[in-house]
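Here is what each chain is made of, one letter per residue.
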Amino acid sequence: MGFVKVVKNKPYFKRFQVKYRRRREGKTDYFARKRLIIQNKNKYNTPKYRLVVRFTNKVVIAQVAYATIEGDKIVCDARSTELPRYGIKTGLTNYPASYAVGLLLARRLNQKYGLDETYTGVEEVDGEEYYVEKEGDRGAFYCVLDTGLSKTSSGARIFGVLKGAVDGGLDIPHSSKRFPGYNAESGEYDAGAHRSRIMGEHISTYMQTLLDEDEDAYKRQFATYKKEGIMPDMIEEMYTKAHAAIRADPSPSPKKEKAEGYKPKSYKRQRMSLQQRKGRVAQQKAAFLALH
């Protein structure tokens, strides 16, 4: 047998460096994160803001954050669980909901910094390309999109949040190449196709098709829509009203006051008193003596 080189020998293991915990868990792409958070040295301690977008099975989460040595600090937060306040009762993870979350975040952030009247964004959804331009002494709030580990394929919901935030008046560098309606072969962007996606026309079309062809499948697949009394021809109106309601009042709902004597739920075993501990020992002794 020929010479076989031992790759993982003692020197290898002596020099082995364990990766960061969130890399081991597959949660953070540090190659991308480094480039998103490193600030130019001539800007000193100026925060570098990121529009962080994350999706779970039931919730769309959008936050504006900046990095510090202790960890990320959240400036503003918006979630799709807030959308029922504005009339979107169901379908909280689809493309129209993603757009609404982005719009809500942008309007809430601008309101926080007193920019909501200066930078109103696109008040009527048209799907056209829009870039915020400086007005007056104060510039628009600037941040960059942080997609995390999500796939940035064309038409992805993450770009729905981006479009909503841009239409809400945030300055985010982007292009139309990843929006629904962009044709990679011709290099042309169809704003009408994007608008129809934002307003949920693809949902209403599919609902109507199922309703005509297979009512059982419709009842099964759109049970929550049926429960809320939402029909296919009501989808666009629902989102139009929601956008107007978000612009009218983007502030977060007030926190509920806790009742007097409220104690948080605890699953820990309560600490026993001295008398209880002595009684427990006496019981164990009695049980032991009874067996022997």
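Along each chain, the written sequence defines residue order, and numbers are assigned to residues from 1. Local features are withheld for residues below a pLDDT of 70 in this predicted model, meaning they are given only at 70 or higher, and side-chain atom pairs are given and counted only at 80 or more; totals for whole chains, interfaces and linings count all residues. Note that the side-chain values use all heavy atoms of the structure and ignore hydrogens as well as water.

Secondary structure elements follow DSSP: runs of H or I of four or more residues count as helices, runs of E of two or more count as strands, with numbering from the N terminus. When its secondary structure is counted, the protein shows 11 helices and six strands. Values of the radius of gyration come from C-alpha atoms, whereas the globule rule sets the reference at 2.2 Å times the count of residues to the power 0.38. For the protein, whose C-alpha radius of gyration is 27 Å, the value lies well above the compact-globule estimate of 19 Å for 292 residues. Counting over 292 residues, the protein shows a buried share of 34%. Note on contacts: a residue pair is in contact if any heavy atoms of the two residues lie within 4.5 Å. At a minimum sequence separation of 6, the contacts of the protein that also span at least 24 residues come to 61%. Accessible area of the protein: about 20,100 Å², with a carbon and sulfur share of 50%. Neither His nor the chain ends contribute to the count of charged residues, in which Lys and Arg are positive and Asp and Glu negative. Taken as the charge location is NZ of Lys, CZ of Arg, CG of Asp or CD of Glu. Taking the average place of the 54 positive charges on the side chains of the protein and the average place of its 35 negative ones, the gap between the two points comes to 21 Å. We call a residue buried when its accessible area falls under 20% of the maximum for its residue type, exposed when it is over 50%, and partly exposed in between, using a 1.4 Å probe and counting protein chains only. Calculation of accessible area relied on Shrake-Rupley with a 1.4 Å probe; when residues are assessed, cover is drawn exclusively from the protein chains displayed.

The next subject is the nonpolar core. Residues grouped as a nonpolar core are buried Ala, Val, Leu, Ile, Met, Phe, Trp, Tyr and Cys residues, joined through side-chain atoms within 4.5 Å. The biggest cluster of nonpolar side chains holds 53 residues, and the ones touching the most others in it are Leu51, Leu83, Leu170 and Ile172. Looking at this core, the element that brings in the most residues is helix 4 (residues 95–112), giving 10 residues. Filtering out sequence-adjacent residues up to four positions away, Leu51 remains in contact with Gln63, Val64, Leu105, Cys143, Val144, Leu145, Asp146, Ala165 and Ile172.

To obtain an axis, a line is fitted to C-alpha atoms, over the contacting stretch when the element is a helix, and the angle between two such axes runs from 0 to 180 degrees between their N-to-C directions. Interaxial distance between helix 4 and helix 5 (residues 157–167) falls to 6 Å at its minimum, and their mutual angle equals 35°. Every pair of crossing elements has a handedness; the one defined by helix 4 and helix 5 is right-handed. Taking contact as the criterion, the partners of Tyr95, Ser98, Tyr99, Gly102, Leu103 and Ala106 in helix 4 are, on helix 5, Arg157, Phe159, Gly160, Val161, Lys163, Gly164, Ala165 and Asp167. Classification used: nonpolar for Ala, Val, Leu, Ile, Met, Phe, Trp, Tyr, Cys and Pro, charged for Asp, Glu, Lys and Arg, polar for all others including Gly. Among the residues making up the contact of helix 4 with helix 5, the classes are represented as seven nonpolar, four polar and three charged. Here is the rule for handedness: rotate from the far helix to the near one, and if that takes an anticlockwise turn smaller than a right angle the crossing is left-handed, while a clockwise turn gives right-handed.

On to the environment of Thr205. Topologically, Thr205 is positioned in helix 7 (residues 201–213). A relative accessible area of 49% means that Thr205 is categorised as partly exposed. It is 34 Å that separates the C-alpha atoms of Thr205 and Val144, two residues lying 61 residues apart in sequence.

The first and last C-alpha atoms of helix 10 (residues 235–248) sit 20 Å apart over 14 residues, in line with the 20 Å expected at 1.5 Å per residue. Every buried residue of helix 10 is listed here: Ile235, Met238, Tyr239, Ala242, His243, Ile246 and Arg247. Summarising the axial view, the buried residues of helix 10 lie within an arc of 165°, below the 170-degree limit, and thus occupy one face. Of the residues in helix 10, the exposed ones pointing more than 90 degrees away from the buried face are Lys241 and Ala248. If you follow the buried residues of helix 10, they end up packed against helix 4, helix 5, helix 6 (191–198), helix 7 and helix 9 (223–227). Expected helix span is taken as 1.5 Å per residue step, with the number of steps being one fewer than the number of residues. Directions pointing from the helix axis toward each C-beta atom define the arc.

The subject of this paragraph is unusual backbone geometry. For Tyr44, which is not a glycine, the phi torsion comes out positive at approximately 55°. Take Tyr44: it is sitting in the loop between helix 3 (30–37) and strand 1 (50–55).

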